[in-house]
Amino acid sequence: MEKLEQLYEGKAKKVFRTDDPDVYLVYYKDDATAFNGEKKGTIVGKGAINNRMTNHMMALLEKEGVPTHLVKELSDRETLVKRVEIVKLEVIIRNISAGSFAKRFGVKEGIVFDEPTIEFSYKNDELGDPLMNAYHAIALKVATREEIEEIKRLAFKVNDFMKDYFKKRNIKLVDFKLEFGRLPDGRIVLADEISPDTCRFWDADTNEKLDKDRFRRDLGNVEEAYIEMEKRIFGENK
Ligand code: TMP
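Definitions and cut-offs
Per chain, the residues get numbers from 1 upward, laid out in the order the sequence is written. Confidence filtering applies because this is a predicted model: local features only for residues at pLDDT of at least 70, side-chain atom pairs given and counted only at 80 or more, and all residues used for totals across whole chains, interfaces and linings. Side-chain metrics in this entry use all non-hydrogen atoms of the structure; hydrogen atoms and water are not considered. Note on pairing: two strands pair once DSSP finds at least 2 bridges between them. A run of DSSP states H or I qualifies as a helix once it reaches four residues; a run of E qualifies as a strand once it reaches two. Both are numbered from the N-terminal end. Only a single heavy atom is needed: when it lies within 4 Å of a molecule or strand, its residue is near that molecule or strand. Distance and chemistry together define a polar contact, namely a pair of N or O atoms within 3.5 Å, with one atom able to donate a hydrogen and the other to accept it when in protein, and with adjacent residues in sequence counting only for side-chain atoms on both sides. Only the protein chains shown count as covering a residue, and every accessible area follows the Shrake-Rupley method with a 1.4 Å probe. Relative accessibility under 20% of the residue-type maximum defines a buried residue, over 50% an exposed one, and the middle range a partly exposed one, all with a 1.4 Å probe and only protein chains included. To get an axis, a line is fitted to the C-alpha atoms, and for a helix only the part in contact is used. The angle between two axes follows their N-to-C directions and goes from 0 to 180 degrees. Contacts were defined at the residue level, with two residues in contact if any of their heavy atoms lie within 4.5 Å. Throughout, nonpolar core names a set of buried Ala, Val, Leu, Ile, Met, Phe, Trp, Tyr and Cys residues whose side chains join them through atoms within 4.5 Å. Helix span is expected to be 1.5 Å times the residue number reduced by one.

Before going further, it helps to spend a moment on the pairing of strand 1 (residues 3-9). Direction of pairing for strand 1 relative to strand 2 (residues 13-18): antiparallel, over a ladder of four bridges. Counterpart to Glu 9 in the pairing with strand 2 is Lys 14. Hairpin remark: strand 1 followed by strand 2, antiparallel, with three residues in the connecting loop.

Next up, the structure:
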């Protein structure tokens, strides 16, 4: 597979065309942003960890019956993925209150919900990714009713699997963000990434934050948190 021209550069990844029109190459950077790009920095080694973790989780999810865009890991920062049209929704599942949820509803972080919640944001940087409900998404043709039903079904399935997966590694899966894509034939697949950039992970004993909140909130030991999450998943073997 040949790497051809860059199609797109996002905040944490670059996407390249390949000689197969149905396959793109994703390159994971160490760049980190927060608050819609207002805060910028570097998390050394993050690109490689996020690439490895995302591919591992997607391969496991495929086995659970969640279709994903994953084709093949090429190197420590590069992965081949199926060409999809990204659905312009950020899909957020929460098991425990934190972040914008705690702020919006004026509650503390750490309330364990009886049932997970789901919310959507409209993926639009100029607007700062505003909250969007299913009716808004249908009205604006961001997704069809059927696509939203499928996205919800898959997102809760991802949560059921990952909650249990991380619990076994002594990690609480607090919340996470997913993105979905449409294959050329219209089928919905999980896309983007699953990493400490896009999930909140708390140590189950200490509630220590092991994710990008360490960068967002200047908590220090940012790189160490990513390395710790890699260890919880893969053990010590590099
Ligand atoms: P929030 O509490 O800030 O809304 O974040 C919820 C989850 O979504 C959290 O795990 C971090 C993730 N997230 C992203 O992946 N990208 C984003 O741009 C934002 C705001 C949150």
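Let's pick the thread back up.
A separate point is the site of the ligand. As a structural note, the neighbourhood of the ligand is formed by 14 residues, with Arg 94, Ser 100, Asp 175, Lys 177 and Arg 200 the closest of them. Separating an oxygen atom of the ligand from a side-chain N or O atom of Arg 94 is a distance of 2.9 Å. The contact in question runs from an oxygen atom of the ligand to an N or O atom on the side chain of Asp 175, over 2.5 Å. When the ligand sits alone it has 450 Å² of accessible area, and the protein chains cover 76% of it. Looking at the shell around the ligand, the elements with two or more residues in it are strand 9 (89-96), helix 2 (99-105), strand 11 (171-182) and strand 13 (199-203).

Side chains on a regular strand alternate between the two faces of the sheet. Buried residues dominate strand 9, accounting for eight of its eight residues. Bridge count between strand 9 and strand 10 (residues 112-122): seven bridges; the pairing is antiparallel. Bridge assignment links Glu 90 to a residue of strand 10, and that residue is Ser 121. Of the pairings in the sheet, the one linking strand 9 to strand 11 comprises four bridges and is antiparallel in character. Counted as the bridge partner of Ile 92 is Lys 177 from strand 11.

Taken in spatial order, the five strands of this open sheet run 1-2-3-7-6, and their pairing is antiparallel. This sheet does not close on itself; its edge strands, each paired only once, are strand 1 and strand 6 (70-73). On average, each strand axis in the sheet is tilted by 30 degrees relative to the strand beside it, whichever way the strands run. In the packing of helix 1 (residues 46-63) onto the sheet, contacts are made with strand 3 (23-28), strand 6 and strand 7 (78-82), and the angle to strand 6 comes to roughly 130 degrees.

Attention now goes to the nonpolar core. Core analysis: the biggest nonpolar cluster contains 47 residues, and Leu 89, Met 162, Phe 166, Leu 178, Phe 180, Leu 190 and Phe 201 have the highest contact counts within it. Among the elements that make up this core, the one with the highest residue count is helix 4 (residues 145-167) (nine residues). Dropping the residues within four chain positions of it, Phe 201 is found in contact with Met 53, Phe 166, Ile 171, Lys 172, Leu 173, Ser 195, Pro 196, Glu 208, Lys 209, Leu 210, Asp 211 and Met 229.

Once that is clear, we can look at unusual backbone geometry. Even without glycine at this site, Asn 36 takes up a positive phi of about 55 degrees. Position of Asn 36 among the secondary structure elements: in the loop between strand 4 (31-34) and strand 5 (39-42). Phi is positive for Asp 192, close to 60 degrees, though the residue is something other than glycine. Here Asp 192 is to be found in the loop between strand 12 (188-191) and strand 13.

An ideal rise of 1.5 Å per residue puts 26 Å on 18 residues; helix 1 measures up with 26 Å between its terminal C-alpha atoms. By the criterion of burial, helix 1 is predominantly enclosed, with 13 of the 18 residues buried. At the exit of helix 1 stands Gly 65, carrying a positive phi of roughly 95 degrees.

Take it as geometry only, folks, not as evidence of what the structure does.
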